[in-house]
Amino acid sequence: MSRGGRHAYAAISVLAAGALVLTGCSKGGSDSGGNNKKDDTNAKRQQASIKFGGAADSTGPAAPVPGAKSGGTMEVLQRDSYAHLDPAQIYVSDEGSLAQLLHRGLTGYKAISDDGSQHEVVGDLATDSGTTTDGGKTWKYTLKDGIKFQDGSPITSKDIRQTFERLFAPFINQGPTYIQQWLADTAGADYRKLLKDGPYKGKHLPDSVLETPDAKTVVFHFKKPHPDLPYALAMAGYAVVEAKGDTKEKYDRAPVVSGPYKVQSFKSGKSMVLVKNDQWDPKTDPIRHQYVDQFNITFNQQFEASTKALLADSGADQTGISFNNQVDAGNLSKVLSDPKLKARIVQGFQPYVGQMNINMSKPELKDIKVREAIAYALPITPFVRAFGGSAAMEVAGGLLSPTVSGYDPTFDPFGKKKKPAGDPEKAKKLLQEAGKVGMKLTFGYTNTPEGQQYSTAMAAGLKKAGFDVQRQEIPAETYYDQVSKLDNTYDIFHTAWGADWPSASTVLPPLYDGRLIADGAQNYSQVNDPHVNSEIDRINTITDPVKAAAAWESLDKYLLTKVVNVVPTGYYKQIQIAGSKVGGMVYDDVIGGVDPRRLYIK
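Residues numbered from 1 in each chain as written. Predicted model: local features only at pLDDT ≥ 70, side-chain atom pairs only at ≥ 80, totals over all residues. Heavy atoms only, no water.

Help me understand the overall build of the protein chain in this model?
Along its length, the protein chain carries 15 helices and 21 strands. Here the C-alpha radius of gyration of the protein chain, 23 Å, is about what a compact globule of 602 residues would show, namely 25 Å. Structurally, the protein chain occupies a C-alpha span of about 70 × 55 × 45 Å along its principal axes. In the protein chain, which comprises 602 residues, the proportion classed as buried is 63%. Counting only contacts in the protein chain whose residues sit at least 6 apart along the sequence, the fraction spanning at least 24 positions is 76%. Carbon and sulfur atoms form 50% of the exposed surface of the protein chain, whose accessible area is close to 20,900 Å². (Helix = DSSP H or I, 4+ residues; strand = E, 2+ residues; numbered from the N terminus. Rg over C-alpha atoms; globule rule 2.2 N^0.38 Å. Buried < 20%, exposed > 50% of the residue type's maximum accessible area, 1.4 Å probe, protein only. Contact = heavy atoms within 4.5 Å. Areas by Shrake-Rupley, 256 points an atom, 1.4 Å probe, with all protein chains shown as cover.)

Written out as structure tokens, the structure reads:
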């Protein structure tokens, strides 16, 4: 999932874990609060296996949160407004957190510990996490009794069919594509040919692909085994959409929800109010709670503003929180060093890796020497410092997070761990060899205080190497919509990505498969390398998790040494704070931040 100073649905690696040794940011970052031993433990924990639960595990209600009470209104301070509410379009972090309250899917992650560190995949709308008798080619799901949409309509297999068939329609272009590709048996964007207009012109997927023999039964048929289906189905992007209420593009602003809360009002860029969905039955839901009566969400609250308000802890802010805003860099040291604030913060290592994308569609960036010059010149220090230093981020070497198997702590192709301020002299030499001194670079950045800060300093570092850098501001709310356009005007721009479920196969293929280059897709750098494409296909056939992890690690190194389409920046951590009257606050490893489903007012 994408993360751009925000966090989304995360995932955890179930592959065999190697030894992890995290290296701190030794230069340019704040040293306050850094705890490499704790970070190491956190990262290793996120590589633990997550099992698939059966019927007993999938039965509601969810285990009560200790000390929880019902009632009251909670204030939520958010930096970014929501660009998408249609689950099929949700693939960035803030929307993924919100989806935990609004949408339900066939499966979901259930926390089986009160600290958010242990989980299992269970049936959410389905009676279990799925059954297969042929190694993952065929998966059967049975819907629970008593599951309804907010309008009181029962959720049936017709709605599940609509949910998956509409994913092939052209207007759905921001969400995950795993299951569509599996159903179409293709690794690229050609999956749309299977049902190019979705269900909107009367055509449907054949029963040989998606079978709904009765109102309660759903069967997926794949040509190849896909044992990871229960993980994929737990993504917000595959949550249920009501067939009769499907308004196509308009659904993105007014979805018919199935979760414990519904949208009472939404003023984009200003505010949102969530109230209880009285059609949600806790007896059917093993994952969520409905303690708070109402969530009042206010947008355009920058990290510094939300942190100061919650630190002040007065009035409405006593029952205040942010689902996604982190503690700002200026207040991070204070928050981590004050014992009185310990009960009001949560923190953890995220699966996200930041990267500066080099737009490979631009003719002037086809020269690998130019791309290498960018890679060596780019200073990472300003980026890490903007978010709080080593307490908030580790300088990245490769493209795989410390939470994902295949991570190699010694891999540092551009010397960023040793020289986080960059190597402008080496970069200038490469640029001279390419005959491109003075070359113009358009640097797209998000219009937040952090974006302003890191882009200004990073641009200055690139200028030292001989580039003519022009910064171009992009609204935070639509940042990923803008940078995922094929004809965008940016030469370089920053994104971040975390595994979608327990495998590095959800990191490298969606970002670097050249057959996935399309408007709205996640191949942000628009790289199309034949060796990368063929390796993705080869590695995806490896069933041994240890061998697969090693192969993905090798592909990571090939991308950064032979292709150089991105420059890794940082491995993310998250530290959040809430008002003193907020209860049930834990850091959830799967969400990668505070779990909104457990919250209550003391």
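What is the right way to read the sheet that holds strand 10 (residues 294-298) from this model?
Adjacent strands of a sheet form backbone hydrogen bonds with each other and so pair up, either parallel or antiparallel. As summarised here, the arrangement of the five strands in space is 8-9-10-2-11, forming an open sheet in which the pairing is mixed. Bordering the open sheet on either side are strand 8 (261-267) and strand 11 (320-321), each of which pairs with just one other strand. (Pairing = 2+ DSSP bridges.)

How do you make sense of the pairing of strand 15 (residues 468-474) when you look at a structure like this?
Each regular strand carries side chains that alternate between the two faces of the sheet. Sheet topology places strand 14 (residues 440-446) next to strand 15; seven bridges connect them, and they run parallel. Looking across to strand 15, one finds that Leu 441 is bridged to Val 469. You can see the chain leave strand 14, run along helix 11 (residues 449-464) and come back into strand 15, and the turn it takes is right-handed. (Right-handed = clockwise from strand over helix to strand, strands pointing away.)

Could you clarify how one ought to interpret unusual backbone geometry in this entry?
Excluding glycine, most residues fall at negative phi; most peptide bonds, likewise, are trans. Residues Gly 60 and Pro 61 are joined by a peptide bond in cis, for which omega reads 0 degrees. With respect to the helices and strands, Pro 61 occurs in the loop between strand 1 (51-52) and strand 2 (73-77). The backbone phi angle of Asn 300 is positive, close to 65 degrees, even though this residue is not glycine. Position of Asn 300 among the secondary structure elements: in the loop between strand 10 and helix 6 (303-312). For Val 564, which is not glycine, the phi dihedral falls at a positive 60 degrees. Judged by its relative accessible area of 1%, Val 564 falls in the buried class.

Where do I start with the packing of helix 8 (residues 368-377) against helix 10 (residues 424-434) in this structure?
Two measures define how a pair of helices packs: the angle their axes make with one another and the distance between the axes. Where helix 8 contacts helix 10, the axes come no closer than 8 Å and their chain directions differ by 165 degrees. By the angle class used here, helix 8 and helix 10 are roughly antiparallel. The way helix 8 lies across helix 10 gives a crossing that is left-handed. For the pair formed by helix 8 and helix 10, the contact residues are Lys 369, Val 370, Glu 372, Ala 373, Tyr 376 and Ala 377 on the first element and Lys 426, Ala 427, Leu 430, Leu 431, Glu 433 and Ala 434 on the second. Here the contact of helix 8 with helix 10 is built from residues that sort into eight nonpolar, no polar and four charged. (Axes fitted to C-alpha atoms, helices over the stretch in contact; angles between N-to-C directions. Parallel < 35°, antiparallel > 145°, perpendicular 65-115°, else oblique. Left-handed = near helix turned anticlockwise from the far one by under 90°. Nonpolar A, V, L, I, M, F, W, Y, C, P; charged D, E, K, R; others polar.)

Sorry, what's going on with the side chain of Glu 165 here?
Mapped onto the elements, Glu 165 comes out in helix 3 (residues 157-165). By relative accessible area, which is 1% here, Glu 165 ends up buried. Engagement of the side chain of Glu 165 in a polar contact is seen with the backbone nitrogen of Leu 205, the distance being 2.8 Å. Setting aside residues no more than four positions away along its own chain, Glu 165 makes contact with Leu 195, Gly 198, Pro 199, Lys 203, His 204 and Leu 205. (Polar contact = N/O pair within 3.5 Å; in protein donor to acceptor, adjacent residues only side chain to side chain.)

Sorry, what's going on with the nonpolar core here?
Note that soluble globular proteins tend to have their nonpolar side chains buried in a common cluster. Counting 118 residues, the largest nonpolar core has Phe 164, Phe 220 and Phe 467 as the members making the most contacts within it. The leading source of residues in this core is helix 15 (residues 545-563), at seven residues. Beyond its immediate chain neighbours, meaning those up to four positions away, Phe 164 contacts Leu 106, Ile 179, Leu 210, Phe 220, Leu 233 and Tyr 238. If you look at the next biggest cluster of nonpolar residues, it comprises 26 residues, including Met 74, Tyr 82, Val 257 and Met 585. (Core = buried A, V, L, I, M, F, W, Y, C linked by side-chain atoms within 4.5 Å.)

What exactly am I supposed to notice about helix 3 here?
Burial within helix 3 is extensive, with eight of its nine residues counted as buried. Packed against the buried residues of helix 3 are helix 4 (178-184), strand 6 (210-211), strand 7 (217-221) and helix 5 (229-233).

Any chance you could explain the side chain of Gln 100 here in plain terms?
Along the polypeptide, Gln 100 turns up in helix 2 (residues 93-102). Gln 100 sits in the buried class, given a relative accessible area of 11%. A distance of 3.0 Å separates the side chain of Gln 100 from the side chain of Arg 597, its partner in a polar contact.

Teacher, can you tell me more about the packing of helix 14 (residues 530-539) against helix 15 here?
Between helix 14 and helix 15, whose axes approach to 10 Å, the crossing angle comes to 175 degrees. Considered as vectors, helix 14 and helix 15 are oriented roughly antiparallel to each other. Together, His 531, Val 532, Glu 535, Ile 536, Arg 538 and Ile 539 of helix 14 and Ala 548, Ala 551, Trp 552, Leu 555, Tyr 558, Leu 559 and Val 563 of helix 15 make up the contact between the two elements. Taken together, the residues of the contact of helix 14 with helix 15 break down into ten nonpolar, one polar and two charged.

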